[in-house]
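For reference, the chains in residue letters:
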Amino acid sequence: MQMLIRNCWAADPYKIDTLFMYMANMAWNSAMNTAETMRMLTDFDAATGEYRIPRIIYSDAYYSEMSLTPT
C-alpha cells in the first residue's frame, strides 16, 4: 500500500486524477510511516496549487472483519 500511495503522489509512471482504495482496514495497518502517508495524501503541487492526488475515494470494509456475538 505504501508504494501505491507514493507512486500516485510522485506521478510515477504517470499523473492520476483519482485514487480509489477499497480494503478492510489495511491503509494504516500497512503504512510504515503514517505521518508521511498523510502528507502525501494531502500534498499540494507547487506548480499548479492543486492537490497532487486530486480525488481520493476510500471504501473501508471495517465491519466485514468483525464478528458479532449476541449478548
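It should be noted that the structure appears before, not after, this text.
The model shown is predicted, which means the values in this text are computed figures rather than measured ones. (Residues numbered from 1 in each chain as written. Predicted model: local features only at pLDDT ≥ 70, side-chain atom pairs only at ≥ 80, totals over all residues. Heavy atoms only, no water.)

Colleague: I would appreciate a short explanation of the pattern of salt bridges in the present structure.
Modeller: Opposite charge on two side chains permits pairing when their charged atoms draw close. Taken as a whole, this structure holds 3 salt bridges when the rule is applied. With its nearest N and O atoms 2.6 Å apart, the salt bridge here joins R39 to E36. Taken together, the positions of R39 and E36, both in helix α2 (residues 34-42) and 3 residues apart, correspond to about one turn of that helix. With relative accessibility at 35%, the residue R39 sits in the partly exposed group. In this structure, R39 engages D43 in a salt bridge whose closest nitrogen and oxygen atoms are separated by 3.4 Å. (Salt bridge = Lys/Arg side-chain N within 4 Å of Asp/Glu carboxyl O. Helix = DSSP H or I, 4+ residues; strand = E, 2+ residues; numbered from the N terminus. Buried < 20%, exposed > 50% of the residue type's maximum accessible area, 1.4 Å probe, protein only.)

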